[in-house]
Amino acid sequence: MFEVPALIIYLNIRLTSFFKQDETRLLNGSYPEFTDCFQQTLLVWVPCGFLWLSAPFYLYHLLNVDGVTRPHSFLSVAKTFVSGVLFFLSIIELLRDANNKDDEEANKRTHNSLFVAHSLKAATYLLTVVLIYLERIRGFVTSGVLFIFWFLTLVVSIIPFYTLIEQDVYHKDFFRFSIFYVYFFLILVQFVLHCFAEKITRRGYYELNTKQCLEVESSFLSRLTFWWMTGLIIIGYKKPLEEADISELHPRDKSDVVIPTFDEAWKKEYAKHEKIREFV
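Residues numbered from 1 in each chain as written. Predicted model: local features only at pLDDT ≥ 70, side-chain atom pairs only at ≥ 80, totals over all residues. Heavy atoms only, no water.

This part is about empty space enclosed by the protein. Taken as a whole and judged by the stated rule, the model has two cavities of 30 Å³ or more. Of the pockets and cavities examined, the second largest cavity occupies roughly 40 Å³. Forming the boundary of the second largest cavity are Arg70, Ser76, Lys79, Ile132, Glu135, Phe140, Val141, Thr142 and Glu198. Among the elements of the structure, helix H5 (74-98) and helix H6 (108-137) are those that each provide at least two residues to the lining of the second largest cavity. Looking at side-chain class alone, the lining of the second largest cavity contains three nonpolar, two polar and four charged residues. (1 Å grid on protein atoms, 1.4 Å probe; cavity = no way out; pocket = protein on both sides within 12 Å on 5 of 7 lines; lining within 4 Å. Points joined across faces, edges and corners; volume = space filled by probe spheres on them. Helix = DSSP H or I, 4+ residues; strand = E, 2+ residues; numbered from the N terminus. Nonpolar A, V, L, I, M, F, W, Y, C, P; charged D, E, K, R; others polar.)

Structural data, given as structure tokens:
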């Protein structure tokens, strides 16, 4: 009966300690300084939590899409390789912290948060490897879920990026300093790789010299900013558009998809109208 209020009080205390413990250093210091506990909890939980919460829905979508398997490409191999390296870096950090014998009782909570953070990151990077593989098998050329995940991971990594420099960790713990900046570089590379789309693989017969739909073969970032329309706009600015300049319709907008959907909706509405007429 009192479990929920107790949980709320506990969370309130924890959050208060997050934001008030070092409020002076955060707001009045020479740089925005966050505690190690904050960096190893919230900054890790936000991007990883997003991916794990999205994973069941995204996996269901991937497993129920009938796509054409893409051949291995530089982009897919590079994405898989970078995620694999990030996984092993997290394992190395996990083993290093697990074997750290200098941990005192005062730092026990921070040590535990480090252990959880490295474990969560390792599991999350392993999940990205699985998702990248399934995307290739199902013929996906881009991924909005992974793009957002890498973007969030890159953004939250900015805080430890400048914190390690300001705290002169280079002289205190060179191994930790080196590992993090290799990690940050790989996160940046992974984000850049997800800004581009894979080459689409067609299935069945299609007319020669026809342009594939520009939106279908564009990346998530390009779709988000409508950058995939830029080429067509430039052509239209230079000269009147011709039929050869126009690409195919998006598969969802073609008549073989739209007409059955419309016909089904029409029949339902017509049946409702006939029932009403019977009672009048």
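This part takes up the packing of helix H8 (residues 158-166) against helix H10 (residues 174-193). Axis separation between H8 and H10 bottoms out at 11 Å; the angle between their running directions is 145 degrees. Between H8 and H10 lies a crossing of left-handed hand. Facing H8, whose interface residues are Ile158, Pro160, Phe161, Leu164 and Ile165, H10 presents Arg176, Phe177, Phe180, Tyr181 and Phe184. Among the residues making up the contact of H8 with H10, the classes are represented as nine nonpolar, no polar and one charged. (Axes fitted to C-alpha atoms, helices over the stretch in contact; angles between N-to-C directions. Left-handed = near helix turned anticlockwise from the far one by under 90°. Contact = heavy atoms within 4.5 Å.)

With that out of the way, let us pick up the packing of aromatic side chains. Within the structure shown, the criterion is met by 17 aromatic pairs. Taking 5.3 Å as the distance between ring centres and 70 degrees as the angle between the ring planes, the aromatic pair formed by Phe87 and Phe88 counts as edge-to-face. With a relative accessible area of 53%, Phe88 lands in the exposed category. Both rings, one in Phe151 and one in Phe191, keep their centres 6.0 Å apart while their planes meet at 40 degrees; by these two values the pair is tilted. In this pair, Phe151 is assigned in helix H7 (residues 144-156) and Phe191 in helix H10, connecting sequence segments 40 residues apart. Residue classification places Phe191 among the buried positions, given a relative accessible area of 16%. Taken together through their ring pairs, the aromatic side chains of Tyr125, Phe149, Trp150, Phe161, Tyr170, Phe174, Phe177, Phe180, Tyr181, Tyr183 and Phe184 make up a single cluster. Taking NZ or CZ as reference, Lys121 lies 4.8 Å from the ring centre of Tyr183, over its face. (Phe/Tyr/Trp six-rings, centres within 6.5 Å; stacked < 30°, edge-to-face > 60°. Buried < 20%, exposed > 50% of the residue type's maximum accessible area, 1.4 Å probe, protein only. Lys NZ or Arg CZ within 6 Å of the ring centre and 35° of its normal.)

Note that every value here comes from positions in space, so none of it alone points to a role or purpose.
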